[in-house]
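Residue strings, one per chain:
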Amino acid sequence: MSHTLGIRQAQKQKTRQALLDAALGLLEEQSLSSLGLREVTRAVGVAPTAFYRHFRSTADLGVALVEEALGSLHPMIRTTVTAAGSSDERITRAVELIARHVHAYPAHVRFIARERHGGVQPVREAIRDQLARFADEVKAELAKDHESEGWSDDDLLMLSHLYVDQMLVTASLFLEVHEAAEGEEVSAEALERVTRLATRQMRLISIGRHHWLD
């Protein structure tokens, strides 16, 4: 009996993931607010009623996509701001990690960029909550840094939000380069141009941090 239940559970998880993957593919060309569940189930090859075994609505599916896109990034974000290394080394590490992530998961990055201010409230709130978690985690790492001595919690949180927002901007910049390539290999020159710009933007925040208590 347990073996049968295990097979059923595995099949259920497989179908759920197929629905998420199909929705992500369909969202390449449209917003979540215009996505119909019949489109998703048709792409997977299951009956529309099967959708409700996994998600309450397309908004619920969207929230699951937010978790898939951002939930696994928390260790990566903490790694980029850990106190190990100089400020410039941390910035270099952050930009490189973001570039690799965008290269590996462009559809997820595009989904977050589009739906962060989109028309589906539960998804906007899910993205906002994930970003708030990132900011809290960055704040916890920054608080360990000797440069944070004398900083108030509010100021550290403000700085954390600046870094998180800049990471999103950097991801969008790299995404634009990939989209401009239109399926062709992205040129090293274009990637280097974005890398230089993103690095300078993060350095500007870092310089402001160094002088905030002056």
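Look a little higher up for the structure.
Throughout, a residue's number is its position along its own chain's written sequence, starting from 1. The predicted origin of the model limits local features to residues at a pLDDT of at least 70 and limits the giving and counting of side-chain atom pairs to 80 or more, whereas totals for whole chains, interfaces and linings rest on all residues. Calculation of side-chain values draws on the structure's entire complement of heavy atoms; hydrogens and water are dropped beforehand.

Peer 1: For the overall build of the chain, give the residues involved together with the corresponding values.
Peer 2: Secondary structure elements follow DSSP: runs of H or I no shorter than four residues count as helices, runs of E no shorter than two count as strands, and numbering proceeds from the N terminus. For the chain, the count of helices and strands is 10 helices and 0 strands. Each helix and strand of the chain, ordered N terminal to C terminal, gives the series α-α-α-α-α-α-α-α-α-α. Expressed along its principal axes, the backbone C-alpha trace of the chain runs to roughly 65 × 40 × 35 Å. Across the chain, every contact between residues at least 6 apart in sequence was considered, and the portion connecting residues at least 24 apart equals 66%. By the convention used here, residues are in contact when the closest approach between their heavy atoms is within 4.5 Å.

Peer 1: Which residues make up helix 8 (residues 121-142), and what values do they have?
Peer 2: Residues spaced three or four apart along an α-helix point in a common direction, a consequence of the helix completing one turn every 3.6 residues. Helices are assigned an expected span. That span is 1.5 Å times one less than the residue count. Between its first and last C-alpha, helix 8 extends 31 Å over 22 residues, near the 32 Å set by a 1.5 Å rise per residue. Type-normalised accessible area, obtained with a 1.4 Å probe on protein chains alone, sets the label of each residue: buried when under 20%, exposed when over 50%, and partly exposed for intermediate values. All buried positions along helix 8 are accounted for by V123, A126, I127, Q130, L131, F134, A135, E137, V138, E141 and L142. Elements in contact with the buried residues of helix 8: helix 4 (58-70), helix 5 (74-81), helix 7 (106-115), helix 9 (153-180) and helix 10 (188-211).

Peer 1: How would you explain a nonpolar patch on the surface if you had to name every residue and give the values?
Peer 2: The residues that make up patches have over 30% relative accessible area and no salt bridge, and they are joined within 9 Å when like-charged or within 5 Å when they are Val, Leu, Ile, Met, Phe, Trp or Tyr. For every accessible area listed, the method is Shrake-Rupley and the probe measures 1.4 Å; residues are considered covered only by the protein chains on display. Should a side-chain nitrogen of Lys or Arg be within 4 Å of a carboxyl oxygen of Asp or Glu, the pair is scored as a salt bridge. The grouping of M158, L162, W212 and L213 at the surface amounts to a nonpolar patch, some 390 Å² of accessible area in total. The residue M158 is located in helix 9 in this model.

Peer 1: Could you give an account of the pattern of salt bridges, naming the residues involved and the relevant values?
Peer 2: Under the criterion given, the structure shown has 12 salt bridges. Of the charged contacts in the structure, one is a salt bridge between R116 and D165, with a shortest N-O distance of 3.4 Å. One end of the pair, R116, is in the loop between helix 7 and helix 8; the other, D165, is in helix 9, and 49 residues separate them in sequence. For R116, a relative accessible area of 29% translates into the label partly exposed. We classify D165 as partly exposed; its relative accessible area is 34%. Between D153 and K139 there is a salt bridge, with its nearest N and O atoms 3.9 Å apart. Pair noted here: D153 is in helix 9 and K139 is in helix 8, with a separation of 14 residues, a long-range link. Overlapping salt bridges bring together E28, R110 and E179 as one network.

Peer 1: Can you break down empty space enclosed by the protein residue by residue, with the values?
Peer 2: Only protein atoms enter the 1 Å grid, on which a cavity is a set of points fitting a 1.4 Å probe that cannot get out and a pocket is an open set with protein on both sides within 12 Å along at least 5 of 7 lines, lining residues being those with an atom within 4 Å of a point. Grid points are joined across faces, edges and corners, and a volume is the space filled by probe spheres set on the points. Inspection of the entire model under this criterion finds 1 cavity of 30 Å³ or more. Around the largest cavity, the lining comprises 14 residues; the ones closest to its centre are T80, V81, R90, I91 and Y163. Going through the elements one at a time, helix 5, helix 6 (87-104), helix 9 and helix 10 are the ones with two or more residues in the lining of the largest cavity. For the lining of the largest cavity, the class distribution of residues is 7 nonpolar, 4 polar and 3 charged. For this classification, the nonpolar set comprises Ala, Val, Leu, Ile, Met, Phe, Trp, Tyr, Cys and Pro, the charged set comprises Asp, Glu, Lys and Arg, and every other residue, Gly included, is treated as polar.

Peer 1: Just give me the short version of the nonpolar core, but keep the residues and values in it.
Peer 2: The biggest cluster of nonpolar side chains holds 60 residues, and the ones touching the most others in it are L61, L65, V66 and F111. Ranked by residue count, the leading element in this core is helix 9, at 10 residues. Only buried residues count toward a nonpolar core, which is a set of Ala, Val, Leu, Ile, Met, Phe, Trp, Tyr and Cys residues joined through side-chain atoms within 4.5 Å.

Peer 1: Could you give me a rundown of the side chain of Q30, with the residues and numbers involved?
Peer 2: Residue placement: Q30 occurs in the loop between helix 1 (2-26) and helix 2 (37-44). In this view, Q30 contacts L35, E39 and R114; residues no more than four positions away in its chain are not counted.

Peer 1: Break down the layout of surface pockets for me, citing the residues and quoting the values.
Peer 2: When its volume is computed, the largest pocket comes out at roughly 370 Å³. As for the largest pocket, its lining consists of 22 residues, of which L70, I112, M167, L168 and A171 are closest to the centre. Elements that contribute at least two residues to the lining of the largest pocket include exactly helix 4, helix 5, helix 6, helix 7, helix 8 and helix 9. If one sorts the elements of the lining of the largest pocket by residue count, helix 9 sits on top with 6 residues. The class makeup of the residues in the lining of the largest pocket is 17 nonpolar, 4 polar and 1 charged.

Peer 1: Please give an account of the packing of aromatic side chains that cites residues and values.
Peer 2: Stacked, tilted and edge-to-face are the three classes assigned to paired rings of Phe, Tyr and Trp, where Trp is represented by its six-membered ring and a pair needs centres within 6.5 Å; plane angles under 30 degrees give stacked, over 60 edge-to-face, the rest tilted. Overall, the coordinates contain 3 aromatic pairs when judged by the stated rule. Ring centres of F51 and F55 lie 5.7 Å apart, and the angle between their planes is 45°; this geometry places the pair in the tilted category. Judged on exposure class, the residue F51 and its partner F55 are both buried. Ring-pair connections join several aromatic residues into one group, and the members of that group are F51, Y52 and F55.

Peer 1: Break down the packing of helix 9 against helix 10 for me, with residues and values.
Peer 2: Contact pair helix 9 / helix 10: the axes reach a minimum separation of 10 Å and the direction vectors enclose 170°. By the angle class used here, helix 9 and helix 10 are roughly antiparallel. Where helix 9 approaches helix 10, its residues L159, L162, Y163, Q166, M167, V169, T170, L173, F174 and V177 are matched on the opposing element by A190, L191, V194, T195, L197, A198, Q201, M202, I205, S206 and R209. Think of each axis as a best-fit line through the C-alpha atoms, taken over the contacting stretch in the case of a helix, with angles from 0 to 180 degrees between the N-to-C directions. Angle categories are assigned with fixed cut-offs, so that under 35 degrees is roughly parallel, over 145 is roughly antiparallel, 65 to 115 is roughly perpendicular, and the rest are oblique.

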